[in-house]
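What follows is the residue order along each chain.
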Amino acid sequence: MMGRVDVAPIPARPGNATGDAVADGRAAADQAAPDRSAVDAAMALALDLARDALGTDDVPVGAVVLGPAGQVLGRGRNRREADADPTAHAELLALREAAAALGTWRLEGCTLVVTLEPCTMCAGAVVLSRLDRVVLGAWDPKAGATGSVRDVVRDARLNHRVEVVGGVREAECAALLRDFFAGRR
Ligand SMILES: [Zn+2]
């Protein structure tokens, strides 16, 4: 999946390579965004959360929600098998924890950092939470809903559109999944 428009280094300022954050009417510079080191640290944490699933039946996916200043508000890993819950995806658990921490469902100014591109359900939850930004590790060409199979978060019909930054520590995120599925064959 290398070479696609969204696979780019995190820009120094908010606004992705396609200019979506500007095209939706908001000035990119007005959006608060955690700095690169906070995002890198969050992806490291998300990878650690994903690794917590190793040795279980759950697919290793981890997610972290950062507040506007880069503080960790929520974390989660895929617990679908552990909790026998079809909705217990890493992203939803992290979003719920962040909302509980803030005492509101509105996560404006926040960033979701996740090791795998969100599915349709989680991308929908991103829109509903009004998150500003999704930073993802590996793209999911089979089920990804923030740019791969579909793009739920940047639908032109939505009032709220979300910036997507892909390919952060992509090789490590993808290797974790590849090793998991290889081990099950
Ligand atoms: Zn999901």
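Reference entry: report on the structure contained in this document. Everything quoted here is computed from the prediction, not taken from an experiment.

### Some points on the pairing of strand 1 (residues 62–66)
Phase 1: Within strand 1, five of the five residues are buried, leaving the element largely enclosed by the surrounding structure.
Phase 2: Connecting strand 1 to the antiparallel partner strand 2 (residues 72–77) that follows it, the hairpin turn spans five residues, and glycine 70 within it adopts a positive phi of roughly 90 degrees.
Phase 3: Direction of pairing for strand 1 relative to strand 3 (residues 111–116): antiparallel, over a ladder of four bridges. In the strand pairing of strand 3, valine 64 is matched with valine 113.

### A short note on unusual backbone geometry
Phase 1: One non-glycine residue with positive phi stands out, namely arginine 130, at about 65 degrees.
Phase 2: Among the secondary structure elements, arginine 130 is positioned in the loop between helix 5 (120–129) and strand 4 (133–138).
Phase 3: Given 15 C-beta atoms within 10 Å, arginine 130 falls into the partly exposed group.

### Description of the packing of helix 4 (residues 90–102) against helix 5
Phase 1: Contact geometry for helix 4 and helix 5: axes closest at 9 Å, N-to-C directions at 20 degrees. Taken together, the axis directions place helix 4 and helix 5 in an arrangement best described as roughly parallel. You can see that helix 4 and helix 5 cross each other, and the crossing is left-handed. Contacts from Glu91, Leu92 and Leu95 of helix 4 reach helix 5 at Cys122, Ala125 and Ser129.
Phase 2: Across the contact of helix 4 with helix 5, the residue classes break down as four nonpolar, one polar and one charged.

### Description of the sheet that holds strand 4
Phase 1: Strand order across the open sheet formed by five strands is 2-1-3-4-5, with mixed pairing between neighbours. Each edge of the open sheet is held by one strand with a lone partner, namely strand 2 and strand 5 (163–165). Going across the sheet, the axis of each strand differs from the next one's by a mean of 15 degrees, ignoring polarity.
Phase 2: Strand contacts of helix 4: strand 1, strand 2 and strand 3, with the helix running at about 150 degrees to strand 2, the strand carrying the most contacts.

### Here's the deal with the nonpolar core
Phase 1: Ranked by internal contacts, the top residues of the largest apolar core, which has 45 residues, are Val65 and Val113.
Phase 2: At the level of secondary structure, the elements contributing two or more residues to this core comprise helix 2 (36–51), strand 1, helix 4, strand 3, helix 5, strand 4, strand 5 and helix 6 (170–184).
Phase 3: Here valine 65 is in contact with Leu73, Gly74, Ala94, Leu95, Ala98, Leu107, Cys110 and Leu112, once residues within four sequence places are set aside.

### Digging into helix 4
The α-helix winds at 3.6 residues per turn, so residues separated by three or four positions along the chain end up facing the same way.
Phase 1: A rise of 1.5 Å per residue sets the reference length of helix 4, with its 13 residues, at 18 Å; its end C-alpha atoms lie 18 Å apart and thus fit the reference within 8%.
Phase 2: When we look at burial in helix 4, the residues that qualify are Ala90, Glu91, Leu92, Leu93, Ala94, Leu95 and Ala98.
Phase 3: Those residues of helix 4 hidden inside the fold are in contact with helix 2, strand 1, strand 2, strand 3 and helix 5.
Phase 4: Glycine 103, located one to two residues past helix 4, shows a positive phi value of around 75 degrees.

### Considering the environment of leucine 66
Phase 1: Along the chain, leucine 66 turns up in strand 1.
Phase 2: What makes leucine 66 buried here is the crowd of 29 C-beta atoms within 10 Å.
Phase 3: Leucine 66 sits 44 residues away from cysteine 110 along the chain, and the two C-alpha atoms are 5.5 Å apart.
Phase 4: The contact partners of leucine 66, leaving out residues within four places of it in the chain, are Pro34, Ala38, Ala42, Gln71, Val72, Leu73, Cys110, Thr111 and Val113.

The rules behind each value
- Residues numbered from 1 in each chain as written.
- Predicted model: local features only at pLDDT ≥ 70, side-chain atom pairs only at ≥ 80, totals over all residues.
- Buried ≥ 20, exposed ≤ 12 C-beta atoms within 10 Å, placed from the backbone.
- Helix = DSSP H or I, 4+ residues; strand = E, 2+ residues; numbered from the N terminus.
- Pairing = 2+ DSSP bridges.
- Axes fitted to C-alpha atoms, helices over the stretch in contact; angles between N-to-C directions.
- Parallel < 35°, antiparallel > 145°, perpendicular 65-115°, else oblique.
- Left-handed = near helix turned anticlockwise from the far one by under 90°.
- Contact = placed C-beta atoms within 7 Å.
- Nonpolar A, V, L, I, M, F, W, Y, C, P; charged D, E, K, R; others polar.
- Core = buried A, V, L, I, M, F, W, Y, C linked by C-beta atoms within 7 Å.
- Expected span 1.5 Å × (residues − 1).

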